[in-house]
Amino acid sequence: MIHSAGVIRDSLYLKKHYEEVKEVLAAKVFGTKNLDEALQNEILDFFVVFSSLASVVGNVGQCDYSYGNSYLDHFASAREELRAKGKRYGKTLSINWPFWEEGGMYIDQEAKKAMEEDGGIFTLNSNEGIKAFEDGLHLNVPQLIVIKGVQEKIMELIDSVTGQKMNKAKVLMEQGSVEVQVLETKDDHQEKIEKILREETNQFLKGVLSEKTKIPVEKIDMLEPFEKYGIDSILIMSLTRLLEKSFGELSKTLFFEYRNLEELSEYFLQDKRDMLMEMFGTLLSDNENKNEINEAKHDEKPLLIQEEQSKVIPTVQDTDTDSKQDDIAIIGVSGRYPHADNLEEFWDVISNGKDCITEIPKERWDYRKFYDPDKQNLGKSYSKWGGFIRDVAMFDALFFNIPPIEAEVMDPQARLFMEVAWHTLEDAGYTRASLEKDKVGVFVGVMNGMYELFESEIKGKTVPVGSSFASIANQVSYFCNFNGPSMAIDTMCSSSLTALHLGAESIRNGESDLAIAGGVNLIIHPNKHLLLSMGKFASSDGRCRSFGEGGDGYVPGEGIGAVLLKPLKKAIADKDHIYGVLKGSAINSGGKTSGFTVPNPNAQGDLVANVFQKSGIDPRTISYIETHGTGTSLGDPIEITGLTKAFKREQGQEEMETQYCSIGSVKSNIGHLESAAGIAALTKVLLQMQKKKLVPSIHSSPLNPNINFKNTPFYVQRHLQDWEEPVITEGSIKRKVPRRAGISSFGAGGSNAHIIVEEYQSDLIETLVDRKKPNLFVVSAKNKERVREYIRLLTDYLRQNCGMNKKQANKIISKNLSFDTVQQTIKESLSGLLGIHQENIDSEVSMQEYGLDIVQSTKLKNAINLALDIELPEIEVNKELSIYSLATLIMNLVDNDIDSHNIEGKRMLMLPLLLTHCK
């Protein structure tokens with residue numbers, strides 16, 4: 001990026017008009033500021049602004065022009081500070097140009113002659129200017145002053161401006177020559193030392209690589225990618241151990257972070273400079289010269305910039321989280337996962353740390369025909385494990401108005417995603433009819449299409465079956481009559497999180513009003529395991545050891561999940577139930593690495609940092625990361641390296657705290673769901689936010705020895721615990737922030753996705769039901785069997801969300817209690833608690849009338865439990881209830897086995913009675 005715009009409106013200060021000053025500053029100040037804001041997330045090579053000598057030495061009639069160019073000089077210094085913190089990309093340089101012979105701002109011959117005779121300054125020609133520009137990009141300064149002319153006069157000018165002799169500055173000058181005159185701060189000796197240090201470092205690294213690869217040093221090119229030298233994961237570990245003999249403990253992902261020796265050398269020159277100075281000290285100079293080099297490296301300042309002057313940092317657009325303009329609400333969620341037909345069962349799996357990996361079920365295929373523990377046996381699978389859902393072949397075709405003969409040739413992934421998408425709408429409280437006026441998009445991640453390897457039969461004839469990814473999304477849009485975008489996304493293992501990102505972006509750009517986003521992954525053919533074994537991707541012991549020692553691959557898993565997205569402001573206005581808020585998301589690619597399936601920690605770090613910047617989220621407020629975490633010895637360290645880079649970039653190297661953010665991976669429970677991995681990870685996070693609990697990441701002990709967690713912001717979550725709201729310190733003030741989580745998905749081949757989710761905290765307390773009155777639920781289905789199933793699910797929900805579990809319910813059911821006994825017990829308990837004679841208590845009058853308060857209502861509940869030897873749910877005994885209504889509630893809890901009653905009878909009245917006491 002080159003910003004070379006400028007306007008001059010020369011006149012004396014007393015004659016300046018406001019509009020003239022505004023016009024001059026528009027190009028220099030506001031143009032620069034706007035460019036910086038627009039390009040702050042772009043990966044630039046450089047950001048060069050064209051300033052003027054007028055900002056340094058001044059010029060009559062140009063006070064506004066001098067001010068504008070001085071802003072550029074200060075801007076360059078400030079932007080370099082942001083770049084050092086990882087908040088900008090590309091070297092920043094402000095060049096103070098003299099007059100040029102050609103170009104828009106030229107001077108006439110008379111003025112030119114006067115400038116040469118009086119000031120000893122000559123105009124630059126184009127070749128000299130280009131040479132100065134190129135030299136400036138190689139100097140380690142944010143500001144460069146270019147002057148061509150008579151050396152003695154220029155030195156006098158510099159001395160007069162700075163008030164001091166600049167005898168330490170290097171001045172390249174030849175009167176009348178084409179040599180470009182560049183001022184910089186390093187002397188010849190320091191440059192020589194710097195050159196020697198770099199050369200010795202390069203030679204040392206070449207020697208290390210030569211020793212391990214047996215390639216002669218002279219044949220090693222600093223710019224050749226590591227992959228050209230046959231470096232694999234085993235050699236990488238060997239090279240790292242050899243380097244650690246000289247430098248101590250190093251990141252085990254160095255050879256993934258840097259693509260060639262040139263980049264690796266730059267890392268050591270920046271991060272291990274002191275050690276290099278000691279290693280090559282005899283070739284450099286004495287300690288005094290070493291100190292001068294370090295001082296020049298870290299403290300050098302551009303010439304003619306006063307040390308004590310204040311620095312002006314350009315204003316950056318405020319991205320404070322109070323602005324919810326782009327926030328997306330998650331208002332519905334559903335899913336099916338191994339050992340979990342619904343999200344209640346899924347929570348039971350992850351909260352109790354269950355391992356859902358099993359041998360391949362017989363109804364899928366006989367794995368013994370393909371299994372061989374020998375990894376080298378091509379055509380066989382050394383893996384016989386996976387995470388499998390129940391009833392993969394079951395589908396209610398008639399519910400979706402699909403003839404069974406057509407359903408048979410549909411990919412099961414399309415069938416089951418239809419069901420989960422429907423359940424997601426139900427969970428959000430929407431019907432097809434209620435959404436017919438909205439643009440609803442459907443985005444589904446999918447990567448395995450093996451159903452077409454099977455055959456079907458129609459009228460006794462064998463026919464092929466299809467496996468179209470597009471139809472998975474389009475079947476949902478067709479059945480629900482949705483008119484928004486409808487697409488399947490295949491970015492391998494990041495597919496469903498990419499689908500979520502695209503769904504959110506579709507809402508933000510107005511293509512969709514709401515969006516269903518999710519993913520599906522089924523394992524229905526032995527080819528899946530054969531392919532994983534051929535590529536050595538599968539775990540050899542059936543365990544996903546996320547961040548644990550000994551992981552050599554992942555276990556494939558099945559799952560289907562979806563969420564319903566809606567703009568947060570609209571969701572709040574419509575009083576939707578909000579599971580969480582999508583604060584930001586981003587996708588990128590790892591580009592070229594040392595192998596197609598080798599991840600790029602720098603790209604991963606850039607991705608996460610990008611989401612921080614887009615969302616305005618401070619990484620210190622992130623208290624949980626649901627990682628990609630496949631459980632391989634090098635994949636997990638690479639992910640932690642990328643995350644740490646992002647956190648360091650946003651917080652600063654020195655300010656970064658360590659081990660405050662919990663991490664985990666649901667893959668350790670259910671396997672790697674590939675194209676459904678991201679939606680499974682999001683669902684886990686939403687459940688953790690809902691329950692305010694962090695669940696264990698199993699198979700992580702002992703930890704991967706290639707990860708030094710003590711030097712990162714992260715620790716592995718290895719037990720169930722409360723998820724407390726983070727408390728951060730700003731100055732001397734401490735404040736709580738909402739629970740926030742990052743979620744990562746990385747696809748083989750480099751397709752990366754990351755999102756940040758925040759719990760929803762409403763400032764309003766809304767009462768959805770009147771607890772003093774019954775509330776009616778209408779249950780509808782196509783037949784009695786389905787009605788009974790709906791009622792069972794509803795009853796289970798009420799039991800769980802009213803604080804009564806099945807154990808408590810069974811204990812109450814086991815009591816042989818009569819209504820009169822319960823009513824009399826309540827009356828006796830209330831009489832004893834308030835000191836009122838029983839004959840003065842009316843069973844149909846609100847207990848509040850007798851002076852019952854909240855504290856006494858709790859005591860009353862405990863007294864009833866003790867007297868009846870039961871366990872009432874953890875509910876408030878409403879002081880506004882009467883003894884009669886409370887006795888009715890208890891009797892309905894006793895008689896709560898819905899399935900044993902006539903669904904058309906009056907026993908159904910117990911449902912609203914239960915609801916009135918749900919929290």
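Reading the values: the criteria
Residues numbered from 1 in each chain as written. Predicted model: local features only at pLDDT ≥ 70, side-chain atom pairs only at ≥ 80, totals over all residues. Heavy atoms only, no water. Patch = residues over 30% accessible without salt bridge, like charges linked within 9 Å, V, L, I, M, F, W, Y side chains within 5 Å. Areas by Shrake-Rupley, 256 points an atom, 1.4 Å probe, with all protein chains shown as cover. Salt bridge = Lys/Arg side-chain N within 4 Å of Asp/Glu carboxyl O. Lys, Arg positive; Asp, Glu negative; His and termini not counted. Charge placed at Lys NZ, Arg CZ, Asp CG, Glu CD. Helix = DSSP H or I, 4+ residues; strand = E, 2+ residues; numbered from the N terminus. Phe/Tyr/Trp six-rings, centres within 6.5 Å; stacked < 30°, edge-to-face > 60°. Buried < 20%, exposed > 50% of the residue type's maximum accessible area, 1.4 Å probe, protein only. Lys NZ or Arg CZ within 6 Å of the ring centre and 35° of its normal. Axes fitted to C-alpha atoms, helices over the stretch in contact; angles between N-to-C directions. Parallel < 35°, antiparallel > 145°, perpendicular 65-115°, else oblique. Left-handed = near helix turned anticlockwise from the far one by under 90°. Contact = heavy atoms within 4.5 Å. Pairing = 2+ DSSP bridges.

Our next topic: a positive patch on the surface. A surface patch of like charges, here positive, comprises Lys212, Lys214, Arg241 and Lys245. Here Lys214 is to be found in the loop between helix 7 (188-213) and helix 8 (233-247).

Our next topic: the packing of aromatic side chains. The tally for this structure, following the rule as stated, stands at 24 aromatic pairs. An angle of 70° between the planes, with centres 6.3 Å apart, marks the rings of Phe547 and Phe709 as edge-to-face. Taken together, the residues span a long stretch of sequence, with Phe547 in the loop between helix 19 (527-534) and strand 15 (559-567) and Phe709 in the loop between strand 19 (693-694) and strand 20 (714-716) at a distance of 162 residues. Exposure class is identical for Phe547 and Phe709. Each is buried. Taken together through their ring pairs, the aromatic side chains of Phe46, Phe50, Trp97, Trp100 and Phe133 make up a single cluster. For Lys384, the ring lying beneath its charged end belongs to Tyr371, and the centroid distance is 4.9 Å. Just above the ring of Tyr660 sits the side chain of Arg620; from NZ or CZ to the centre is 3.9 Å.

Two elements in contact, helix 16 (residues 412-428) and helix 17 (residues 469-480), have axes separated by 9 Å at closest approach and are oriented at 50°. Considered as vectors, helix 16 and helix 17 are oriented oblique to each other. Of the two possible hands of crossing, helix 16 and helix 17 adopt the one that is right-handed. Contacts between helix 16 and helix 17 involve Gln413, Ala414, Phe417, Met418, Ala421, Trp422 and Leu425 from the first element and Ile472, Gln475, Val476, Phe479 and Cys480 from the second.

Moving on, we come to the sheet that holds strand 14 (residues 514-521). Spatially, eleven strands are ordered 13-10-14-15-7-16-25-24-17-18-20 in an open sheet, and the strand pairing comes out mixed. Two strands lie at the open edges of the sheet, namely strand 13 (486-489) and strand 20, each paired on one side alone. Strand-to-strand twist of the sheet, defined as the mean angle between neighbouring strand axes without regard to direction, takes the value 25°. By the bridge criterion, four bridges tie strand 10 (residues 440-445) to strand 13 in an arrangement that is parallel. Note on strand 13: the bridge partner recorded for Gly445 is Ile489. Running over the sheet, helix 17 touches strand 10, strand 13 and strand 14 and is turned about 145° from strand 13.

Here we come to the pattern of salt bridges. Going through the model one piece at a time under the given rule, you end up with 35 salt bridges. The structure contains a network of salt bridges with shared partners spanning Lys566, Lys570, Asp574 and Asp576.

In this section: the pairing of strand 10. The element strand 10 is largely enclosed, with a buried count of six among its six residues. Because side chains alternate across strand 10, one face comprises the buried residues Val440, Val442 and Val444, and the other comprises Gly441, Phe443 and Gly445, equally buried. Taken together, the six bridges between strand 10 and strand 14 define a ladder with parallel strand orientation. If you follow Val444 over to strand 14, its bridge partner there is Gly518.

This part takes up a nonpolar patch on the surface. The grouping of Leu378, Leu531 and Met534 at the surface amounts to a nonpolar patch, some 340 Å² of accessible area in total. By the element assignment, Leu378 lies in the loop between strand 8 (358-359) and strand 9 (385-386). The class for Leu378 is exposed, based on a relative accessible area of 62%.

Distances and angles like these do not, on their own, reveal function.
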